[in-house]
Amino acid sequence: MSDDIKPRLRVPATATKGEVVEVKTLVTHPMENGLRKDADGKVVPRLIVNALKVAYNDKPVLDVKLEPAIAANPFLSFFVRVEESGTLRLTWTDDRSQSWTAESRIEVS
Amino acid sequence: MTRLASLTRRSALAAIAAAIAARNAGATPDETRAWLAAQAKGTPREGRVTLKAPEIAENGNAVPVTVSVESEMSETSYVKALYVAADGNPNPGVITYEFTPLAGKAEVQFRTRLAQTQKLIAVAQMNDGSLWMASREIKVTIGGCGG
């Protein structure tokens, strides 16, 4: 099940110096909230992506803590200010401490 | 026989009432305030935070929400954290953001699950410790907690 989990990341490939660019990301994950029951009436254990860390050139930009109230296949968008060319790295972590990384390069002209 | 029937009906009604109560068992506004207070100490003032969400959400499974905070994002003045809570879900917490000035702009978008019609509350914490908030009632037609 965890094999089909795939983070997606969309950011502009180029930016001007100091530009604030929008980042959109989605990770395909069921986000089991720990309240749902399966067909046999047993509670499905909680399994959610609980954290997202965003860094640009290894400098922290944003830390997100997700709760079960976030919809399945969490989609998030936010902003980052780019002063120089670099790599934007997103790291998602779930309740089983599995993590997925997505990277994107931004060229500053 | 009549008496037995009425007893059965009464217990059936009680069972239905209990089922309804269980269904509505969610975080209360008090619990939500307590959750927010545990994240950020102090009393938030209204303002600076904008919470955008549909007035009526047909499907509570994925309600798009945009929160923005009016503030510059410089080393000396920036939004440090943003907390979002819902007062009618089984748990009050929705999402927490911790920004650095590198974010450039404190504006975020996410999709939330709402179990029923309820109020969303966003509290922003500035780097000087001041708190700002906004709230918004969202009507939910079909709840999204998978009951």
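Residues numbered from 1 in each chain as written. Chains lettered and ligands numbered in written order. Predicted model: local features only at pLDDT ≥ 70, side-chain atom pairs only at ≥ 80, totals over all residues. Heavy atoms only, no water.

Q: Would you take a moment to explain the overall build of chain B for this structure?
A: Helices and strands together make up the secondary structure of chain B, namely two helices and nine strands. Reading chain B from its N terminus to its C terminus gives the helix and strand order α-α-β-β-β-β-β-β-β-β-β. Taken over 147 residues, chain B has a buried fraction of 42%. Sequence separation of 24 or more characterises 66% of the internal contacts of chain B that already satisfy a separation of 6 or more. Counting only carbon and sulfur atoms, one obtains 53% of the accessible surface of chain B, whose full area is about 7700 Å². (Helix = DSSP H or I, 4+ residues; strand = E, 2+ residues; numbered from the N terminus. Buried < 20%, exposed > 50% of the residue type's maximum accessible area, 1.4 Å probe, protein only. Contact = heavy atoms within 4.5 Å. Areas by Shrake-Rupley, 256 points an atom, 1.4 Å probe, with all protein chains shown as cover.)

Q: Even after reading the chapter, I still don't get the environment of K6 of chain A, so can you show me in this structure?
A: Residue and element names in this part refer to chain A. With respect to the helices and strands, the residue K6 is situated in the segment before β1 (7–10). Under the relative-accessibility criterion, K6 is labelled partly exposed at 48%. For the pair K6 and H29, spaced 23 residues apart in sequence, the C-alpha separation works out to 8.0 Å. Contact partners of K6, with chain neighbours within four places excluded, come to L26, V27 and T28.

Q: Hey, could you run me through the sheet that holds strand β3 (residues 19–27) of chain A in this one?
A: Pairing in this open sheet of six strands is antiparallel, and the strands run β1(A)-β3(A)-β6(A)-β7(B)-β4(B)-β2(B) from one edge to the other. With partners counted over all chains shown, the strands left at the sheet margins are β1 of chain A together with β2 (49–52) of chain B, one partner each. The sheet shows a mean angle of 20° between the axes of neighbouring strands, taken without regard to direction. One ladder, built from four bridges, connects β1 of chain A with β3 of chain A; its direction is antiparallel. What sits directly across from R10 of chain A, in β3 of chain A, is K24 of chain A. (Pairing = 2+ DSSP bridges. Axes fitted to C-alpha atoms, helices over the stretch in contact; angles between N-to-C directions.)

Q: Could you clarify how one ought to interpret the nonpolar core in this entry?
A: As a rule of thumb, soluble globular proteins bury nonpolar side chains together. Residues V67, I95, Y97, F99 and F110 of chain B are the most contacted members of the largest nonpolar core, which totals 60 residues. Leaving out residues up to four positions away in the same chain, I95 of chain B has contacts with V64, K65, L66, E67, I70 and L76 of chain A together with L82, Y83, V84 and F110 of chain B. In terms of nonpolar packing, the next biggest core, distinct from the first, is built from 10 residues, Y83, A85, I121 and L131 of chain B among them. (Core = buried A, V, L, I, M, F, W, Y, C linked by side-chain atoms within 4.5 Å.)

Q: Looking at this structure, how should I read the pattern of salt bridges?
A: Between side chains of opposite charge, pairing is possible as soon as their charged atoms come close. Taken as a whole and assessed by the stated rule, the structure comprises 11 salt bridges over all chains. The closest approach of N and O atoms between E103 of chain A and R89 of chain A, which form a salt bridge, is 2.7 Å. Of this pair, E103 of chain A sits in strand β8 (residues 99–108) while R89 of chain A sits in strand β7 (residues 86–94), and the two are 14 residues apart along the sequence. Overall, R89 of chain A belongs to the partly exposed group, its relative accessible area being 30%. Two residues, R33 of chain B and D30 of chain B, come together in a salt bridge whose shortest N-O distance is 2.8 Å. (Salt bridge = Lys/Arg side-chain N within 4 Å of Asp/Glu carboxyl O.)

Q: Would you take a moment to explain the environment of K24 of chain A for this structure?
A: All names here are of chain A. Tracing the chain through its elements places K24 in strand β3. In this structure K24 comes out as partly exposed when scored by relative accessible area, which is 37%. Measuring from C-alpha to C-alpha, the distance between K24 and L76 comes to 5.9 Å, with 52 residues separating the pair along the chain.

Q: Explanation requested: the packing of aromatic side chains in the structure shown.
A: Aromatic ring pairs: the centre-centre distance and the angle between the two ring planes describe each pair. Taken as a whole and judged by the stated rule, the model has one aromatic pair over all chains. Relative to F99 of chain B, the ring of Y97 of chain B has its centre 6.0 Å away and its plane inclined at 10°; by these criteria the two rings are stacked. The same class applies to Y97 of chain B and to F99 of chain B, which are both buried. One Lys or Arg, K105 of chain B, reaches over the ring of F79 of chain A and ends 4.1 Å from the middle of that ring. (Phe/Tyr/Trp six-rings, centres within 6.5 Å; stacked < 30°, edge-to-face > 60°. Lys NZ or Arg CZ within 6 Å of the ring centre and 35° of its normal.)

Q: Where do I start with the pairing of β2 of chain B in this structure?
A: Put simply, side chains in a regular strand alternate between the two faces of the sheet. Residue and element names in this part refer to chain B. The two faces of β2 differ: V49 and L51 on one face are buried, but T50 and K52 on the other face are not. Here β2 runs beside strand β4 (residues 63–69); their pairing, made up of four bridges, is antiparallel. In the sheet register, T50 faces β4, and the bridge partner there is S68.

Function cannot be inferred from these measures alone, as they are strictly geometric.
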